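What follows is each chain in one-letter form.
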Amino acid sequence: PFMALLYIVLAIGVVVLNFERVPAVFHDIVYGAFNPAAVTGGVIGSFFLSLKKGVSRGIFSNEAGLGTGSIAHACADTSKPVKQGMFGIFEVFADTIVICTLTALVILVNYGAAAGAELTISGFTSTYGNWISVFTAVAMCCFAFSTIIGWGLYGARCIEFLFSEKVVKPFMIAYSLVAIIGATVDLGLLWSIAETFNGL
């Protein structure tokens, strides 16, 4: 939560410091979404590809569409299930509406020639300077580490349900090795693997 809040504050800072570009960014977003030429080109050329990418990234972002988030909330030690459910709703809102929108604005007000995480880092560094790349790298490591832990929990609970509790430890060892491989392979290949398994 600390890293997420700090990320939000810094992202809001980028938007405020580049406020004169924000109306143009929103204009481009709306114009690009509702421009007849863009709609025609999208329908004819890449509608299904765009749909596939949007859905797969959305599922990967907050797992709301995938249904795995409920596993973590079901494991929570709480006396008020409704409160836990409200936290689950807030989690999706904070991730999708707040953090993803701010990240998009950071990227779009400082558009650079990069890809993936480098695009977000270049958005911050063009406003704050090179020192912010250290924070962004640390924040992304924290987000990635918590994601690895979360997916490990989901996998362990599913393996336990399908087989038995005895299989959980070997699964976690194999999962740790796969996480190391995942950190070293090509980014495009990694996205393809993640999308395939999410689809399955």
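Scroll up for the structure.
Computed from a predicted model, the values in this text were never measured in an experiment.

**Description of the overall build of the chain**
Each helix and strand in the chain was counted, giving 9 helices and 0 strands. For the chain, the N- to C-terminal ordering of α and β elements is α-α-α-α-α-α-α-α-α. For the chain, the proportion of its 200 residues judged to be buried stands at 26%. Counting only contacts in the chain whose residues sit at least 6 apart along the sequence, the fraction spanning at least 24 positions is 65%. With an accessible surface of roughly 13,200 Å², the chain has 75% of that area assigned to carbon and sulfur atoms.

**Some thoughts on the nonpolar core**
Here is a general trend for soluble globular proteins: nonpolar side chains tend to be buried in one another's company. Ranked by internal contacts, the top residues of the largest apolar core, which has 19 residues, are Phe-124 and Phe-135. When contributions to this core are tallied by element, the ones reaching two or more residues are helix 1 (2-17), helix 2 (22-34), helix 5 (81-109) and helix 7 (132-162). Residues contacting Phe-124, with those up to four places away along its chain left out, are Tyr-7, Leu-10, Ala-11, Val-14, Val-106, Gly-129, Ile-132 and Thr-136.

**What to know about the pattern of salt bridges**
Within this structure, the stated rule accounts for 1 salt bridge. Of the charged contacts in the structure, one is a salt bridge between Glu-160 and Arg-157, with a shortest N-O distance of 3.3 Å. One end of the pair, Glu-160, and the other, Arg-157, are both in helix 7, 3 residues apart, so they sit about a helical turn from each other. Assessed through its relative accessible area of 30%, Glu-160 is described here as partly exposed.

**Some words on the side chain of Gln-84**
Residue placement: Gln-84 occurs in helix 5. For Gln-84, the contacting residues outside a window of four places in its chain are His-73, Ala-76 and Thr-78.

**Brief notes about the packing of aromatic side chains**
Under the criterion given, the structure shown has 5 aromatic pairs. For the pair Trp-151 and Tyr-154, a centre-to-centre distance of 5.4 Å together with 80° between the ring planes defines the contact as edge-to-face. Taken together, the residues span about one helical turn, with Trp-151 and Tyr-154 both in helix 7 at a distance of 3 residues. A relative accessible area of 9% places Tyr-154 in the buried class. Here the aromatic cluster, defined as three or more aromatic residues joined through ring pairs, consists of Tyr-7, Phe-124 and Phe-143.

**Quick word on a nonpolar patch on the surface**
On the surface, Phe-26, Ile-29, Val-30, Phe-34, Leu-108 and Tyr-111 cluster together into a nonpolar patch covering about 660 Å² of accessible area. It is helix 2 that contributes the most residues to the nonpolar patch, 4 residues altogether. The residue Val-30 is located in helix 2 in this model.

**A word on helix 9 (residues 187-199)**
Between its first and last C-alpha, helix 9 extends 18 Å over 13 residues, near the 18 Å set by a 1.5 Å rise per residue. Here helix 9 starts with a cap whose side-chain oxygen sits 3.2 Å from the backbone nitrogen of Gly-188, and that cap is Asp-186.

**Observations regarding the packing of helix 1 against helix 7**
As a packed pair, helix 1 and helix 7 sit with axes 10 Å apart at the nearest point and diverge in direction by 140°. Relative to helix 7, helix 1 is oriented oblique. Crossing angle aside, the handedness with which helix 1 passes helix 7 is left-handed. Touching Met-3, Ala-4, Leu-6, Tyr-7 and Leu-10 of helix 1 are Ile-132, Phe-135, Val-138, Ala-139, Cys-142 and Phe-143, all from helix 7. Counted by class, the contact of helix 1 with helix 7 contains 11 nonpolar, no polar and no charged residues.

Cut-offs applied
Throughout this description, residue numbers start from 1 for each chain and increase along the sequence as written. In keeping with the model being predicted, local features are shown solely for residues with a pLDDT of at least 70 and side-chain atom pairs are shown and tallied solely at 80 or more, while totals for entire chains, interfaces and linings include all residues. The basis for the side-chain values is all heavy atoms of the structure; hydrogens and waters are excluded. Secondary structure follows DSSP: runs of H or I at least 4 residues long count as helices, runs of E at least 2 residues long count as strands, and numbering of each begins at the N terminus. The buried label applies to any residue whose accessible area, calculated with a 1.4 Å probe on protein chains only, is under 20% of its type's maximum; exposed applies above 50%, and partly exposed to all values in between. Contacts are residue-level and defined by heavy atoms, with any inter-residue pair within 4.5 Å sufficient. For every accessible area listed, the method is Shrake-Rupley and the probe measures 1.4 Å; residues are considered covered only by the protein chains on display. Remark: nonpolar core denotes a set of buried residues (Ala, Val, Leu, Ile, Met, Phe, Trp, Tyr, Cys) joined through side-chain atoms within 4.5 Å. Salt bridges are defined as contacts in which a side-chain nitrogen from Lys or Arg sits within 4 Å of a carboxyl oxygen from Asp or Glu. For Phe, Tyr and Trp, where Trp contributes only its six-membered ring, two rings pair if their centres lie within 6.5 Å, and the inter-plane angle classes them as stacked under 30 degrees, edge-to-face over 60, or tilted in between. Two joining distances apply to patches: 9 Å for like charges and 5 Å for nonpolar side chains (Val, Leu, Ile, Met, Phe, Trp, Tyr), and every residue must have over 30% relative accessible area and no salt bridge. Under the convention used throughout, the expected extent of a helix is 1.5 Å for every residue step, that is, one less than its residue count. What qualifies as a polar contact is a pair of N or O atoms within 3.5 Å, subject to a donor-acceptor requirement within protein and to the restriction that residues adjacent in sequence count only when both atoms come from side chains. Interaxial angles span 0 to 180 degrees and are taken between N-to-C directions of axes, which are lines fitted to C-alpha atoms, for helices over the stretch in contact. Oblique is the label for any angle not covered by the other classes, which are roughly parallel (under 35 degrees), roughly antiparallel (over 145) and roughly perpendicular (65 to 115). Each crossing gets its handedness from the near helix: less than a right angle anticlockwise from the far helix is left-handed, clockwise is right-handed. Any residue that is not Ala, Val, Leu, Ile, Met, Phe, Trp, Tyr, Cys, Pro, Asp, Glu, Lys or Arg is counted as polar, Gly included; the first ten are nonpolar and the last four charged.

Just distances and angles here, no functional claims.
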